Amino acid sequence: MPTAISELTTMRVGGSAREFAVAKTSDELVSLVRAADAAHTPVLLIGGGSNLVVADSGFDGLVIKVETSGTRIDGDSMWVAAGEPWDPVVAASLDEGLAGLEALSGIPGLTGATPVQNVGAYGTVTSDVLRELTVYDRESGRIEVWGPDRCGFGLHRQSVFKHSMRYVILDTTMELRRSTVSDPVRYAGLADRLGVTIGDTVPAKDVREAVLDLRGQKGMVLDPADHDTWSVGSFFLNPVLEEVPEKASRAPQYPDPSGIKIHAAWLIQNAGFAHGFGTEFGNGTVALSTKHVLAVTNRGGASTADVMALASHIRDGVRAEFGITLVPECDLVGCSLT
Ligand SMILES: Cc1cc2nc3c(=O)[nH]c(=O)nc-3n(C[C@H](O)[C@H](O)[C@H](O)COP(=O)(O)OP(=O)(O)OC[C@H]3O[C@@H](n4cnc5c(N)ncnc54)[C@H](O)[C@@H]3O)c2cc1C
């Protein structure tokens, strides 16, 4: 049984789990969590480990790897167990002639974690398609079926699940569309790549291919041979500001109900951090991706402390240049920026 958390996360850092278990069914998952709670043992759920950075000292409790399985298509809806890897679910939905998930192609991790930060890409977010999910509430001890209205989905990768250990997501049901035609393309870079304009539709599988291609160019599709993908994807959130400082006025900006969303990657680059920056941290074990400055990457042999040191340096540099404080998008467990 592996207990090294570095083997369970895409950043490939993190010490050992005091206890480790694999849940193959939802019943097992709930039983493991119930027993740990009764024994006052802290619990950390790990899906694909693609949005997690855990301390070098590891986790002093029970780490549960979610490996539940099963998918079921019923009309236009698709039920998926939490432990099913996400991208194969996207591919299977398209093969079944169901559209709606195509823009979410290539995102690492498992289906059960997609509502946690309302995973999104290329103009689509999980809440666009989520019809309901089954959760185990560790406080009440009840298993409940929720509609999306209870999930607290907000902007900026928010939900009631994010940074909370209270709920265990057991399965999700998505409402898709029986069609081989994509949803309207909502993202300029994707429209350019497809040679269409925003709002156009194309074969849904073409969107998948284009998204995989665009993501691959940015190191945003997992590839064990490519250290640019030994990351958590975007390390920092795009900040939302009431007012954009003059110095950052040339940054790409988008209207947002709570302010103005501004490109974190632009801020990082224009604070002087180029692709591949950071090799002096941790003796070359960490650096920004050579393809995308928003990804902090493990070049091999990195520790969590190395990752935190580089990420802190980037945050500080952006703050010094623009007065804007970047906040991590990923979950930091037992560690923090310095
Ligand atoms: C190369 C790369 C590209 C990425 N691109 C994107 C992107 O385009 N868009 C995007 O939004 N994200 C992206 N991510 C981040 C990540 O892939 C997503 O957040 C993904 O949904 C995480 O899934 P996971 O199974 O790996 O979760 P994990 O990292 O294992 O867990 C994340 C959090 O969810 C909790 N959790 C896991 N499973 C459950 C469950 N069943 N019930 C309750 N809590 C649970 C964990 O305890 C943890 O707190 C990217 C990451 C990488 C490495």
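Structure: see above.
Residues numbered from 1 in each chain as written. Predicted model: local features only at pLDDT ≥ 70, side-chain atom pairs only at ≥ 80, totals over all residues. Heavy atoms only, no water.

Side note on the nonpolar core
Here is step 1 of the chain: The biggest cluster of nonpolar side chains holds 39 residues, and the ones touching the most others in it are V53, F235, F236, L267 and I268.
Here is step 2 of the chain: Looking at this core, the elements with two or more residues in it are helix 5 (264-270), strand 17 (286-288) and helix 6 (304-322).
Here is step 3 of the chain: The greatest single-element share of this core, amounting to seven residues, is contributed by helix 6.
Here is step 4 of the chain: When we break this core down by domain, the ones giving at least three residues each are domain 1 (5-66) and domain 3 (227-333). (Core = buried A, V, L, I, M, F, W, Y, C linked by side-chain atoms within 4.5 Å. Buried < 20%, exposed > 50% of the residue type's maximum accessible area, 1.4 Å probe, protein only. Helix = DSSP H or I, 4+ residues; strand = E, 2+ residues; numbered from the N terminus. Domains from an automatic or database assignment.)

Re the sheet that holds strand 10 (residues 130-137)
Here is step 1 of the chain: Strand order in this open sheet of five strands is 5-6-12-10-11, and the pairing throughout is antiparallel. Of all strands in the sheet, those with a lone pairing partner are strand 5 (71-74) and strand 11 (143-146), marking the two edges. Strand-to-strand twist in this sheet, taken as the mean axis angle between neighbours without regard to direction, amounts to 15 degrees.
Here is step 2 of the chain: Examined bridge by bridge, strand 6 (residues 77-81) and strand 12 (residues 167-175) share five bridges and lie antiparallel to one another. By the bridge assignment for strand 12, V80 is matched with T172.
Here is step 3 of the chain: Helix 2 (residues 86-95) rests against strand 5, strand 6 and strand 12 of the sheet, and its axis sits at about 155 degrees to strand 6. (Pairing = 2+ DSSP bridges. Axes fitted to C-alpha atoms, helices over the stretch in contact; angles between N-to-C directions. Contact = heavy atoms within 4.5 Å.)

With respect to the side chain of R208
Here is step 1 of the chain: Mapped onto the secondary structure, R208 falls in helix 4 (residues 204-217).
Here is step 2 of the chain: Residue classification places R208 among the buried positions, given a relative accessible area of 12%.
Here is step 3 of the chain: Side-chain polar atoms of R208 contact the side chain of S105, separated by 3.1 Å.
Here is step 4 of the chain: What R208 contacts, discounting residues up to four positions off in sequence, is D87, V90, A91, L94, E102, S105 and G106. (Polar contact = N/O pair within 3.5 Å; in protein donor to acceptor, adjacent residues only side chain to side chain.)

Re the packing of helix 2 against helix 4
Here is step 1 of the chain: Where helix 2 contacts helix 4, the axes come no closer than 10 Å and their chain directions differ by 155 degrees. Regarding the angle of helix 2 to helix 4, the classification is roughly antiparallel. Where helix 2 crosses over helix 4, the handedness of that crossing is left-handed. Of the residues in helix 4, those in contact with D87, V90, A91, L94 and D95 of helix 2 are A204, K205 and R208.
Here is step 2 of the chain: Residue composition of the contact of helix 2 with helix 4, by class: four nonpolar, no polar and four charged. (Parallel < 35°, antiparallel > 145°, perpendicular 65-115°, else oblique. Left-handed = near helix turned anticlockwise from the far one by under 90°. Nonpolar A, V, L, I, M, F, W, Y, C, P; charged D, E, K, R; others polar.)

Some words on the packing of aromatic side chains
Here is step 1 of the chain: In the structure shown here, the tally under the stated rule is eight aromatic pairs.
Here is step 2 of the chain: Ring centres of Y122 and Y187 lie 5.0 Å apart, and the angle between their planes is 75 degrees; this geometry places the pair in the edge-to-face category. Of this pair, Y122 sits in the loop between strand 8 (120-121) and strand 9 (124-125) while Y187 is found in the loop between strand 13 (177-178) and helix 3 (188-194), placing the two residues 65 residues apart along the sequence.
Here is step 3 of the chain: Aromatic rings pair up to connect W146, F161 and Y167 into one cluster. (Phe/Tyr/Trp six-rings, centres within 6.5 Å; stacked < 30°, edge-to-face > 60°.)

With respect to helix 4
Here is step 1 of the chain: Spanning 14 residues, helix 4 covers 20 Å between terminal C-alpha atoms, matching the ideal 20 Å at 1.5 Å per step.
Here is step 2 of the chain: When helix 4 is considered as a whole, its buried residues turn out to be A204, V207, R208, A210, V211, L214 and R215.
Here is step 3 of the chain: At its buried positions, helix 4 is contacted by helix 2, strand 7 (98-99), strand 8 and helix 3. (Expected span 1.5 Å × (residues − 1).)

Details of the sheet that holds strand 15 (residues 253-256)
Here is step 1 of the chain: Strand order in the open sheet formed by three strands is 14-16-15, with antiparallel pairing between adjacent strands. Only two strands of the sheet have a single partner each, and these edge strands are strand 14 (240-241) and strand 15.
Here is step 2 of the chain: Here four bridges tie strand 15 to strand 16 (residues 259-262), and the two strands are oriented antiparallel to one another. Following the sheet pairing, D256 is matched in strand 16 by G259.

Topic: empty space enclosed by the protein
Here is step 1 of the chain: Enumeration over the complete set of coordinates arrives at one cavity of 30 Å³ or more.
Here is step 2 of the chain: The calculated volume of the largest cavity comes to roughly 70 Å³.
Here is step 3 of the chain: Of the residues assigned to the lining of the largest cavity, the class counts are six nonpolar, four polar and three charged. (1 Å grid on protein atoms, 1.4 Å probe; cavity = no way out; pocket = protein on both sides within 12 Å on 5 of 7 lines; lining within 4 Å. Points joined across faces, edges and corners; volume = space filled by probe spheres on them.)

Without other data, these values stay purely geometric and don't point to any function.
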